[in-house]
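For reference, the chains in residue letters:
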Amino acid sequence: MTSRFWSRHIDRFYKPRIAVESLNTFEKALGKEHPDYAWSLNNLASLYLDMGNYEKAQPLYVEALTVYEKVLGKEHPEYALSLTGLANVYWEMDNYEKAKPLYLEALVIREKVLGKVHPEYARSLSNLALLYKSMGNNEKAELYYLEALTIKEKVLGKEHPDYALNLNNLANLYSSMGNYQKAEPLFVEALVIREKTLGKEHPDYSMNLNNLVVLYWSVGNFDTVKPYLSESATIEKKLLLKASRQLSERELSKYINTFTGRQNRELSFSQLRGGVSPICYDNILFHKGFMLNTVSQVSKLALSDSVTTEKYYLLKSYHRRLATQYILPIAERDSTLIATLEEKANNLEKELVRTVAGFGEALRQVNWQEVQSRLKPHEAAIEFVHFRYSNPEPTDSTLHAALVLRPGWNAPRWVFLCEEKQLDALLDPVNTQRTEYLNRLYTPAQPSVVVRDDEPPALYDLVWAPLDSLLGSVKTVYYSPSGLLHRLNLGAIPVSEKQTLADRYALRQVNSTRELVIPSATATATATVFGGIRYEMDSTAICTAFVKKDGSTAKSSSELSFSYIDRSLRPARRSRSGGRDGSWSYLPGTEKETTEISKLLNKKGFRTIVKTGFAASEEVFKQIGRDGQPSPRVLHIATHGFFFPDPQSTIRNQQSAFRNQEPAFKVSEHPLIRSGLILSGGNAAWTNQSRPAGLEDGILTAYEISQMNLRNTELVVLSACETGLGDIEGNEGVYGLQRAFKIAGAKYLLMSLWKVPDQQTQELMTAFYREWTGGKAIPEAFRSAQATMRKKYPGQPAMWAGFMLVE
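Quick notes on the rules
Residues numbered from 1 in each chain as written. Predicted model: local features only at pLDDT ≥ 70, side-chain atom pairs only at ≥ 80, totals over all residues. Heavy atoms only, no water. Helix = DSSP H or I, 4+ residues; strand = E, 2+ residues; numbered from the N terminus. Buried < 20%, exposed > 50% of the residue type's maximum accessible area, 1.4 Å probe, protein only. Contact = heavy atoms within 4.5 Å. Areas by Shrake-Rupley, 256 points an atom, 1.4 Å probe, with all protein chains shown as cover. Salt bridge = Lys/Arg side-chain N within 4 Å of Asp/Glu carboxyl O. Polar contact = N/O pair within 3.5 Å; in protein donor to acceptor, adjacent residues only side chain to side chain. Pairing = 2+ DSSP bridges. Axes fitted to C-alpha atoms, helices over the stretch in contact; angles between N-to-C directions. Phe/Tyr/Trp six-rings, centres within 6.5 Å; stacked < 30°, edge-to-face > 60°. Parallel < 35°, antiparallel > 145°, perpendicular 65-115°, else oblique. Left-handed = near helix turned anticlockwise from the far one by under 90°. Nonpolar A, V, L, I, M, F, W, Y, C, P; charged D, E, K, R; others polar. pLDDT = per-residue confidence, 0-100. Expected span 1.5 Å × (residues − 1).

1. Thoughts on the overall build of the protein chain
Check the secondary structure of the protein chain and you find 34 helices and 16 strands. Out of the 807 residues in the protein chain, the part that is buried amounts to 55%. A sequence separation of at least 24 residues applies to 74% of the contacts in the protein chain between residues at least 6 apart. Split by element, the accessible area of the protein chain, about 34200 Å² in all, is 49% carbon and sulfur.

Laid out in structure tokens, this is it:
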């Protein structure tokens with residue numbers, strides 16, 4: 001990896017807000033034709049550049065250049081700095097022809113004004129070297145790097161981060177040329193300098209480790225690759241932990257993406273050579289089980305009241321100040337300030353752990369040994385993974401694999417499953433009716449006399465057969481899916497004509513096997529059931545149905561404006577979805593379902609609250625878990641659901657002129673806004689009709705659910721279509737209703753993978769509650785209910801296999 005900049009700071013995600021405020025302040029105080037205003041423009045542009053937002057960075061650099069030219073002239077170091085910034089933008093966009101004259105002009109200015117023996121002149125040389133390397137002119141790139149290195153050694157000395165940066169970039173050049181003998185000592189020297197001047201927990205040190213991983217992998221020195229991979233993984237987790245203490249969820253998600261290549265390389269090494277499965281398992285526990293779900297829970301728990309909120313924001317401020325210190329060279333850090341801030345942060349965190357229920361559990365990290373210790377003799381844990389294969393550079397192949405763990409093993413076992421294109425062939429049919437496709441997917445293949453070479457393997461052969469030899473006497477399997485496996489009901493996969501995986505094993509799907517270690521909150525026997533919902537707008541009925549304790553009606557907290565519906569989307573038959581053509585229809589089966597389920601729960605001793613018709617409003621839903629009242633043990637929602645996949649960035653850019661006409665839930669960059677549930681009155685907002693001010697819109701997004709407190713809820717049943725779908729990002733899981741309810745704190749989620757028929761859904765739900773209230777545990781009750789439906793609808797998996805239980 002080549003870096004132009006001395007370091008890339010995790011603060012970049014929140015600094016633009018400060019930079020915008022600074023820019024506005026300079027404009028008001030000094031006007032637009034002032035050097036300080038241009039400096040502020042340049043600073044904001046640099047931050048956008050560092051974030052990869054080139055569209056915002058480019059015009060700011062151009063404006064800064066115009067101001068500098070007018071007030072300082074073209075022969076000024078600040079003008080050269082803006083030229084370099086604009087050239088960097090073009091370089092990042094692979095527009096080398098536009099970048100080259102800007103770099104050269106900056107070089108000439110710096111030589112004339114500062115002289116050749118100056119760090120800024122050396123940086124211009126390095127920039128040109130990087131440009132020529134990108135253009136394939138390695139000979140010129142080497143000359144410029146060597147000249148820059150000589151100047152930096154003379155001016156800064158050999159023990160300086162900038163000198164190490166130049167060494168690293170020159171080594172990268174040699175490595176790309178296949179000259180590993182020249183590259184290795186330069187990488188090693190740069191690593192030593194960075195350890196001494198920046199410390200081992202600095203991003204640049206971690207980057208250097210990964211460069212050595214690639215080099216030793218390329219020359220086949222795999223024994224040296226393994227310890228470097230291990231050290232890099234440890235540092236990566238520390239960097240992400242620091243980031244998690246100061247970034248928002250989406251900012252953190254973007255920061256995590258910067259490590260995707262390294263994660264893929266670790267998984268690829270395990271596929272190629274083995275021996276690093278413990279590292280891989282721990283990393284998956286960290287990324288899938290801790291980083292996003294748990295960090296969100298920590299924030300929500302800490303913001304539960306005004307006192308803890310103040311303490312939490314104070315804690316984040318300590319960590320932000322620490323981050324600005326840690327990124328500096330060791331010689332420039334204020335050791336006294338660091339010690340003081342670390343002590344204050346540690347004490348405040350301990351206080352929050354002590355006073356906020358669940359805070360300590362949410363912060364706790366887990367390793368594979370702890371997961372193993374929770375497994376009984378006939379149990380197994382499986383973490384599925386998918387990754388872009390690297391050897392050591394990325395290829396165009398995505399692989400699926402599994403990490404299997406059983407009691408008594410000295411390490412998790414790595415199992416290769418298949419290539420993603422093989423799954424794609426099964427999961428993305430062409431010109432096939434949906435029900436027909438689903439029935440075929442989950443029905444065992446009939447033996448054929450003639451075996452065709454182009455016939456795709458069965459689902460069982462791709463995702464489970466490679467695991468069989470490791471499971472032996474296993475009866476219960478806790479598994480966490482990844483990638484395309486999120487779209488499958490593993491329990492419904494046929495093993496033979498009469499048996500599915502759910503018949504062979506007690507399958508327990510979890511977000512992460514970390515959940516075997518972290519206990520869940522207990523709850524009292526209470527239930528809230530939504531169903532038989534009226535989707536047309538009747539403001540009087542909705543307001544009458546929801547009156548707060550003080551006698552006032554609810555005020556809308558929705559910040560979304562749903563102003564346009566895509567009429568090209570055709571309505572489905574009556575199911576728990578449909579309505580994308582413009583409106584949502586009443587579901588008669590949900591009223592019967594709600595009545596029968598509430599009766600079963602009442603017989604079991606539950607105190608049940610039923611919300612139907614216009615009373616099943618968004619206002620009512622958002623009151624759950626508020627005002628000091630714990631959330632119910634059971635939350636059942638029988639309604640319509642929706643999910644819109646992420647629009648491609650190119651399409652989003654093409655439609656930028658029409659963004660105000662597009663519904664927020666359809667085009668939002670935030671995946672938790674593009675999935676949700678429809679509650680009473682939702683048709684008005686969905687079809688762009690007027691609705692009374694002060695009322696919620698009836699479209700409950702996953703994001704809004706994620707902000708709720710459902711820690712006391714043991715079971716959430718989403719009796720609706722496609723509620724298990726969402727964006728799949730790396731190995732972190734599904735960004736949709738599944739993640740939203742997990743962030744909110746729910747333990748078990750019963751949700752769907754496709755459009756489920758109204759009648760069969762009602763039958764499945766009633767069967768499930770009958771089994772559960774009859775004394776079976778939730779997982780056993782669900783398996784029994786699906787088995788009942790399978791017998792009732794033989795050869796029709798589309799009628800019963802769409803629902804899955806996640807814990």
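2. A short note on the pattern of salt bridges
Counted by the stated rule, this structure contains 25 salt bridges. In this structure, Lys288 and Glu383 form a salt bridge, with 2.9 Å as the shortest nitrogen-oxygen distance. Placement of the pair is Lys288 in helix α14 (residues 277–291) and Glu383 in strand β1 (residues 379–390), with a sequence separation of 95 residues. Exposure remark for Glu383: the relative accessible area of 0% places this residue in the buried category. Its salt-bridge partner being Lys742, residue Glu515 comes within 3.6 Å of it at the nearest N-O pair. Taken together, the positions of Glu515 in the loop between β5 (506–509) and β6 (526–533) and Lys742 in helix α32 (residues 737–744) put the pair 227 residues apart, joining distant regions of the chain. In this structure Lys742 comes out as buried when scored by relative accessible area, which is 7%. Salt bridges here are not isolated pairs; linked through shared partners, they connect Arg110, Glu120, Arg123 and Asp162.

3. A word on the side chain of Glu383
Within the structure, Glu383 has its side chain in polar contact with the side chain of Thr513 (distance 2.8 Å). For Glu383, the residues in contact, after removing those within four places along its chain, are Tyr281, Ile284, Leu285, Lys288, Ala401, Ala402, Leu403, Ser480, Ser512 and Thr513.

4. Quick look at the sheet that holds strand β10 (residues 675–678)
Read across the sheet, three strands follow the order β9-β10-β11 without closing on themselves; strand pairing throughout is antiparallel. The open sheet is flanked by β9 (641–643) and β11 (699–701), the only strands paired with a single partner. Averaged over all pairs of adjacent strands, the angle between strand axes in this sheet comes to 25 degrees, irrespective of strand direction. One ladder, built from three bridges, connects β9 with β10; its direction is antiparallel. In the strand pairing of β10, Phe643 is matched with Ser675.

5. Thoughts on the packing of aromatic side chains
Enumeration over the complete set of coordinates arrives at 15 aromatic pairs. On the numbers, 6.3 Å between centres and 55 degrees between planes, the contact of Tyr769 with Trp772 is tilted. Here Trp772 and Tyr769 lie together in helix α33 (residues 758–773), a separation of three residues that amounts to about one turn. Trp772 matches Tyr769 in its accessibility class, with the two residues each being buried. Pairwise contacts between aromatic rings join Phe606, Phe768, Tyr769 and Trp772 into one cluster.

6. Concerning the pairing of strand β8 (residues 634–638)
Summarising burial for β8: five of the five residues are buried, a large majority. Note that β6 and β8 share four bridges and pair parallel. Among the inter-strand pairings, Phe530 is bridged to a residue of β8, identified as Ile637. Judged from the five bridges that link them, β8 and strand β12 (residues 715–719) form a sheet pairing that is parallel. Bridged to Ala638 within β12 is Ser719.

7. Observations regarding the environment of Tyr586
Relative to the helices and strands, Tyr586 resides in the loop between α25 (539–545) and α26 (588–603). With 53 residues separating them in the primary sequence, Tyr586 and Thr639 have C-alpha atoms 8.8 Å apart. At a separation of 2.3 Å, a polar atom in the side chain of Tyr586 contacts the side chain of Glu591.

8. Let's talk about the packing of helix α9 (residues 180–197) against helix α10 (residues 203–218)
The description of two helices packed together rests on the angle between their axes and the distance between the axes. At a closest axis distance of 10 Å, the pairing of α9 and α10 adopts a crossing angle of 155 degrees. In terms of axis orientation, α9 runs roughly antiparallel to α10. The chirality of how α9 crosses α10 is left-handed. In contact with Tyr180, Ala183, Glu184, Phe187, Val188, Ala190, Leu191, Arg194 and Glu195 of α9, α10 contributes Asp204, Tyr205, Met207, Asn208, Leu209, Asn211, Leu212, Leu215, Tyr216 and Ser218. Considered class by class, the residues forming the contact of α9 with α10 number 12 nonpolar, three polar and four charged.

9. Observations regarding the packing of helix α5 (residues 96–114) against helix α6 (residues 119–134)
Running from N to C, α5 and α6 point in directions that differ by 160 degrees, and their axes come no closer than 9 Å. Overall, the two elements α5 and α6 adopt an arrangement that is roughly antiparallel. Considering how the two elements wind past one another, α5 and α6 form a crossing that is left-handed. From α5, Tyr96, Ala99, Lys100, Tyr103, Leu104, Ala106, Leu107, Arg110, Glu111 and Leu114 reach across to α6, where they touch Glu120, Tyr121, Ser124, Leu125, Asn127, Leu128, Leu131, Tyr132 and Ser134. For the contact of α5 with α6, the residue count by class is 12 nonpolar, three polar and four charged.

10. So, the side chain of Glu696
Tracing the backbone shows Glu696 in the loop between α30 (682–686) and β11. A residue is classified by how much of its surface remains accessible, and Glu696, at 5% relative accessible area, is buried. One polar contact links Glu696 to Lys622, side chain to side chain, over a distance of 3.4 Å.

11. Looking at unusual backbone geometry
With an omega dihedral of -15 degrees, the bond running from Asn391 to Pro392 counts as a cis peptide bond. Note on placement: Pro392 falls in the loop between β1 and β2 (394–405). Of note, Asp94 is a non-glycine position whose phi angle comes to about 65 degrees, a positive value. You can see Asp94 is positioned in the loop between α4 (77–92) and α5. The exposed category is assigned to Asp94, whose relative accessible area is 54%.

12. Here we look at the confidence of the model for the protein chain
On average, the protein chain scores 82 in pLDDT, and the residues at 70 or more come to 82%. Contacts from residues 548–576, a stretch scored under 50 in pLDDT, to residues over four places away or in other chains number 90 contacts. Confidence over residues 649–660 falls short of pLDDT 50; this stretch has nine contacts with residues more than four positions distant or in other chains.

13. Looking at α6
In this model α6 runs 23 Å from its N-terminal to its C-terminal C-alpha over 16 residues, within 8% of the 22 Å that 1.5 Å per residue would give. In terms of burial, α6 is a largely internal element, 12 of the 16 residues being buried. Of all the residues in α6, the buried ones are Pro119, Tyr121, Ala122, Ser124, Leu125, Ser126, Asn127, Leu128, Ala129, Leu130, Leu131 and Tyr132. Contacts from the buried residues of α6 go to α4, α5, α7 (138–155) and α8 (161–176). Remark: Gly136 follows α6 within two positions and exhibits a positive phi of approximately 90 degrees.

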